[in-house]
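Each chain, letter by letter, is given below.
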Amino acid sequence: MATQVVMPKLSPTMEEGQLARWLKKEGDQVSVGEPLAEVDTDKATMEMQALSSGVLRKILIKEGESAPLGQIIAIIGEPDEDISALLDKASSPEEAAQTKERIEGSVEGGQDGAQAEMARVVPDGARTQATIAGEPVKGDVGGETASQQSSSGSNQPAGTTSGNGAGKSEGTQTGGERLVVSPLAARMAAEAGINLRSLSGSGPAGRIIKRDIEAAISSGKQAAVESEAQAAPPQRHLRAVEAGSQPAGQPSMDGPTPYRDEQASVMRQTIARRLVTSIGPVPHFFLTTEIEMDKAAAIRRSINEIDAELKVSVNDLIIKVAAVSLMQHPQVNASYQEKTVRYYERADIGVAVAIEDGLITPVVRGAERKSVGEIAAEVRQLAERARSRKLKPEEYTGATFSISNLGMMGIDEFTAVINPPEAAILAVGAMTPKPVVRDGEVVVRQIMRVTMSCDHRVIDGATGARFLQTFKKILENPLLLIA
């Protein structure tokens, strides 16, 4: 029996997905658990698996197009099966809304085939995690595991890296034309040093996709691309320029300011939605203190001199000290739950990592129990995976406290927005030599300013101050970590 493929929930915060690439074409045979398409979610580019076996009869969403959660994007069935009824369903907005409700777990029953399977496994995250790991879920349609059905079920993660506009679905092409590129292709181009503006896309509507980058790499076009880019720098399309009012090629200075519109990435749209649920509804207040970092810097140098492979950073020490401090002040390691306050028994620290499309916070689980060296290695790995958009949902969700450090960018002090449902986030500034008075004398010390944003529904001023006192005391005397 034919089944409809719907836009799945591939991350906990996903509301819609952009179809980056179909891994199968119409008429291809597909099996349960076999990768069917690559979907750009709000956090990563992930593979979507087939939840039924048969022939991919119809693709309803083209590469580069977006679809909300639950919308029908393809149909799988037998080669000679009548799929007209499912095609009619696909054109119904009510059907997409109902399917989304089922996927979210708010409606039970009333589904068959792949939809029933998805409704059962998506709400608790089992299908999401299995899709990422390439592993089967108990009760898979057909009763066979993904490894039995397909030898190609392993991940082919894709994403964006800084420095090349990766992850944006559109850019600006020479002469004002639009540049459409998949996040996967953008990442590959960034890694290979290829200028996207000099490539011709073979995807829908000229979209630059993976095979275009592979072709450029294999044919040795990189040098030519860079040369062409230097000879013909990109130009923005200028609007509101009156014909004949300026010499050719020069925009008018009297009309409206020239501009260009770029489609916001799914991640940027999600950030926008989530921030309005924080700074407005969550009553923030802020606490700032200065910390003398000379001893922390010295112990960090000593650790790295003993074992250079550890590569411990000041931020790794901050994570460790924050985790230990949270265990001493459980009121800060908490979240507001409507009519209750939830206190966490483990310090799961979210570490803000800037990527091209925005911000993501990989989580160091149980940081209070890990050594600084272990934290350093884990943070490096998580940050690298975050920048290449390879993080699994369980690696960037569920933090109990977050840290955002802009000190390495020369920022002395700032305030950060709380990431609900967490009750606090620590904003860390630069470590800067400053004159201070010690024992009646002016001396130079490495001073760092930190500001904690607190949810007043959970944390009172005195509670937050006591936490920062402990944090400051340990960071200024890091031997207390082993005392």
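Residues numbered from 1 in each chain as written. Predicted model: local features only at pLDDT ≥ 70, side-chain atom pairs only at ≥ 80, totals over all residues. Heavy atoms only, no water.

Sorry, what's going on with a nonpolar patch on the surface here?
A contiguous nonpolar patch, built from Tyr336, Val341 and Tyr343 and spanning about 260 Å² of accessible area, is present on the exposed surface. Within the secondary structure, Val341 is located in strand E13 (residues 340–343). Residue classification places Val341 among the partly exposed positions, given a relative accessible area of 32%. (Patch = residues over 30% accessible without salt bridge, like charges linked within 9 Å, V, L, I, M, F, W, Y side chains within 5 Å. Areas by Shrake-Rupley, 256 points an atom, 1.4 Å probe, with all protein chains shown as cover. Salt bridge = Lys/Arg side-chain N within 4 Å of Asp/Glu carboxyl O. Helix = DSSP H or I, 4+ residues; strand = E, 2+ residues; numbered from the N terminus. Buried < 20%, exposed > 50% of the residue type's maximum accessible area, 1.4 Å probe, protein only.)

I keep staring at the nonpolar core and nothing clicks. Help me out?
It is characteristic of soluble globular proteins that their nonpolar side chains tend to be buried jointly. Grouped together as the largest cluster of nonpolar side chains are 50 residues, with contacts concentrated most on Ile349, Phe401, Ile403, Leu426, Met452, Phe471 and Leu475. Ranked by the residues each element gives to this core, the list is headed by helix H11 (residues 314–328), at eight residues. (Core = buried A, V, L, I, M, F, W, Y, C linked by side-chain atoms within 4.5 Å.)

What should I look at first to understand the pairing of strand E18 (residues 401–405) in this one?
Within a regular beta strand, the side chains point alternately toward one face of the sheet and then the other, so they alternate between its two faces. Counting buried positions over the five residues of E18 gives five, a clear majority of the element. By the alternation rule, side chains of E18 split into Phe401, Ile403 and Asn405 and Ser402 and Ser404, which are all buried. Strand direction decides the pairing type here: strand E14 (residues 349–351) and E18, joined by three bridges, are parallel. By the bridge assignment, Gly350 is partnered in E18 with Ser402. In this structure, E18 lies alongside strand E19 (residues 424–438), joined through four bridges in parallel fashion. (Pairing = 2+ DSSP bridges.)

Would you explain the sheet that holds strand E2 (residues 16–22) in this entry?
To summarise the sheet geometry, strands pair through backbone hydrogen bonds and adopt either a parallel or an antiparallel arrangement. The strand order across the open sheet formed by four strands is E5-E4-E2-E7, and the pairing between neighbours is antiparallel. The strands lining the two open edges of the sheet, one partner per strand, are strand E5 (45–49) and strand E7 (66–68). Each strand axis lies, on average, 40 degrees off the axis of its neighbour in the sheet, ignoring direction. Bridge analysis of E2 against E7 gives three bridges, and the strand direction is antiparallel. The residue bridging Gly17 from the neighbouring strand is Ala67, located in E7. (Axes fitted to C-alpha atoms, helices over the stretch in contact; angles between N-to-C directions.)

Just checking my understanding: could you explain unusual backbone geometry for this structure?
Excluding glycine, residues mostly carry a negative phi; peptide bonds, for their part, are mostly trans. Cis peptide bonds are those with omega within 30 degrees of zero, and the linkage from Pro420 to Pro421 qualifies with 10 degrees. The backbone of Lys311 shows a phi angle near 50 degrees, a positive value even though the residue is not glycine. Following the sequence through the fold, Lys311 ends up in the loop between helix H10 (294–306) and H11. Lys311 gets classed as exposed once you look at its relative accessible area, which sits at 55%.

Would you explain the environment of Val341 in this entry?
Each C-alpha atom of the pair Val341 and Val458 lies 7.0 Å from the other, and the pair is 117 residues apart in sequence. Residues within four places of Val341 in sequence aside, it is in contact with Ala334, Ser335, Tyr336 and Val458. (Contact = heavy atoms within 4.5 Å.)

Hey, could you run me through the pattern of salt bridges in this one?
Note that side chains of opposite charge can pair when their charged atoms are close. In this structure the tally under the stated criterion is 14 salt bridges. In this structure, Glu413 and Arg449 form a salt bridge, with 2.8 Å as the shortest nitrogen-oxygen distance. Placement of the pair is Glu413 in the loop between E18 and E19 and Arg449 in strand E20 (residues 441–455), with a sequence separation of 36 residues. Taking the shortest distance from any N to any O, the salt bridge between Glu476 and Lys472 comes out at 3.1 Å. Taken together, the residues Glu476 and Lys472, both in helix H14 (residues 461–476) and four residues apart, mark about one turn of the helix. In the salt-bridge network here, residues are joined through shared partners; they are Glu290, Glu413 and Arg449.

Please clarify how the packing of aromatic side chains should be interpreted in this entry.
Each aromatic ring pair is described using two quantities: the centre-to-centre distance and the angle formed by the ring planes. Within this structure, the stated rule accounts for two aromatic pairs. Connected via pairs of aromatic rings, a cluster forms that spans Phe401, Phe467 and Phe471. (Phe/Tyr/Trp six-rings, centres within 6.5 Å; stacked < 30°, edge-to-face > 60°.)

In this structure, what is going on with the sheet that holds strand E1 (residues 3–6)? I would like to understand it.
Strand order in the open sheet formed by four strands is E1-E8-E6-E3, and the pairing between neighbours is antiparallel. Unpaired on one side and paired on the other, E1 and strand E3 (29–30) mark the two borders of the sheet. Of the strand pairs in this sheet, E1 and strand E8 (residues 72–77) are connected by four bridges, and their pairing is antiparallel. Bridged to Val6 within E8 is Ile72.

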